[in-house]
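One letter stands for each residue in the lines below.
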Amino acid sequence: MSQWDFGTSAGGFPDDGGEDDFEAGFSPISYERDPGELDPYVRGPYEPPGATRTWEAFDELWPEHPHAGHPGRRARSGPLRWLVPAVIVTAAAAAGAAVVLLGGSGDPSAPATPSAPAAPLAPSAPAAPLTIAQARRVVASYTTANNEANAELSDAVLSTIETGSSYAIDAGSYRVQRAEGAAPYPAFGPQHAQYYIPRQETGYPRWFAVQVGNAALASPATVTGTEYLVFTQAAAGAPWLNAIEPYVLSGAVSPQIAVGAGGLATAVSPDAASLAVAPSQLPALTAASLDGAQGGGEVVANPGNLADVLAQAAWRKTLATASVTDRHAPAGGPVFGLLTTDGGALLFYADSAELTLAAPAGEALQLTVPGFYSPGQAVTTAGIGYLEQFATYVPPRGGSGLRVVADYSGITAAN
């Protein structure tokens, strides 16, 4: 894996007494986002009109490795080689230090005394899906297995700790790395962690989120990037798996999560009417916004660093006579939300993207996308699938400031 440079903050997260420091017992989570620079690399001259044209692109845009936490991934694209990650991670100071959860809460009602008639019990507040100690163990176990998966580029190990879009993006990254014969990724670990465990009604999936500041195990004192990890549990006794893992954007300010009684956060329902955009509608709104829809309502601004968007620009520049289109759609997974102190919400969700390359009539494409397309394949149309994850702040109804706070994206399929 190449070197990557994550922006660093003065000292990671503010020390408000509610964060976990992993300085003594550092556990590895590797995160790979790597802002690099464009290194133009074009192979193969164009051939005369009417002949089969060889358009050989060295790599597509993808994160170089799933995590070295999120492995510092290295994004690449088309005929151009990129050291631009699907997401540039920079530890950003939060608007307010989030409070680390102290644990779950039990039934607040107390039994009636023997000498008095039993009074009706007040309804119990929804409980936490796990305690803070259990959440810490989930993250520690995940970190260890993640570094093992990164070192071995193992889909099998990855499948024991990740699910959904996180697994698909990271497995896609491994696929590229195996095809290139890449070296294992360096191990990373969380230097700081802030847990957000929401009260939840009965039923599954259960979930919680944690914001971590990552550092290479070789340099544990230097926080190199910040990301959110959303873990889900599909059923009672099932393992906790990483489902969403977006990196905080350079210069982004994370909203302050509201923390209430017992140190617990508040989950936001998919149909919450108190927000400027209902959570269930946000994936579709994001997809439409990325496709250029404006309308008269809310618009999610393009963060500018998504793997498919960068790849589209590179292909259009290189394949001037080809048709290069990029279309987005909701990925179909759940939307997880945490209430913020201003009445808004931080929402976690995933979208999909399909980049389609079509050769001019009578010509063919021969693409080099390690692990997905080989130059021996001559095709008239090539489809490259991506998944992208977001942590987006949605203001309360009537408010302003809708914005993507963190994201993560990568190539997942050849269609």
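In what follows, the structure referred to is the one given above.
Residues numbered from 1 in each chain as written. Predicted model: local features only at pLDDT ≥ 70, side-chain atom pairs only at ≥ 80, totals over all residues. Heavy atoms only, no water.

**Some thoughts on the environment of Phe390**
Tracing the sequence through the fold places Phe390 in strand S16 (residues 381-394). Considering only alpha carbons, one finds Phe390 and Glu245, 145 residues apart in sequence, at a separation of 8.3 Å. Ignoring anything within four residues of it in the chain, the contact list for Phe390 reads Pro246, Thr286, Leu290, Leu306, Leu347, Phe348, Tyr349, Asp351, Val404, Ala406 and Asp407. (Helix = DSSP H or I, 4+ residues; strand = E, 2+ residues; numbered from the N terminus. Contact = heavy atoms within 4.5 Å.)

**Quick look at the nonpolar core**
Counting 38 residues, the largest nonpolar core has Tyr228, Leu282, Leu338 and Phe348 as the members making the most contacts within it. Elements with a minimum of two residues in this core: strand S8 (206-216), strand S9 (225-233), strand S10 (240-244), helix H4 (282-290), strand S14 (336-339), strand S15 (345-358), S16 and strand S17 (403-414). Broken down by element, the residue count for this core peaks at five residues, all from S15. Those residues in contact with Leu282 that lie beyond four places of it in its chain are Val277, Val300, Leu347, Tyr349, Thr392, Val394 and Leu402. (Core = buried A, V, L, I, M, F, W, Y, C linked by side-chain atoms within 4.5 Å. Buried < 20%, exposed > 50% of the residue type's maximum accessible area, 1.4 Å probe, protein only.)

**Section: H4**
Most of H4 sits out of view: seven of its nine residues are buried. All buried positions along H4 are accounted for by Leu282, Pro283, Leu285, Thr286, Ala287, Ser289 and Leu290. Structurally, H4 contributes buried residues whose contacts are with strand S13 (323-330), S15 and S16. Phi turns positive, to about 100°, at Gly292, one or two residues after H4.

**Remarks on helix H5 (residues 307-318)**
Here H5 contains 12 residues, and its C-alpha end-to-end distance of 17 Å stays within 8% of the 16 Å for a straight helix at 1.5 Å per residue. Counting buried residues in H5 gives nine out of 12 residues, a clear majority hidden from the surface. Within the span of H5, buried status applies to Ala307, Asp308, Val309, Leu310, Ala311, Gln312, Ala314, Trp315 and Thr318. (Expected span 1.5 Å × (residues − 1).)

**What to know about the packing of aromatic side chains**
Tallying each qualifying case throughout the model produces nine aromatic pairs. Ring centres of Tyr142 and Phe231 lie 5.3 Å apart, and the angle between their planes is 80°; this geometry places the pair in the edge-to-face category. Here Phe231 lies in strand S9 and Tyr142 lies in helix H1 (residues 132-152), a separation of 89 residues in the sequence. With centroids separated by 5.4 Å and ring planes inclined at 65°, the aromatic side chains of Tyr228 and Phe348 adopt a geometry described as edge-to-face. Highlighted residues: Tyr228 in strand S9 and Phe348 in strand S15, separated in sequence by 120 residues. Considered together, Tyr228 and Phe348 belong to a single accessibility category, that of buried residues. Through successive ring pairs, a cluster of aromatic residues spans Tyr142, Tyr195, Phe208, Phe231 and Trp240. (Phe/Tyr/Trp six-rings, centres within 6.5 Å; stacked < 30°, edge-to-face > 60°.)

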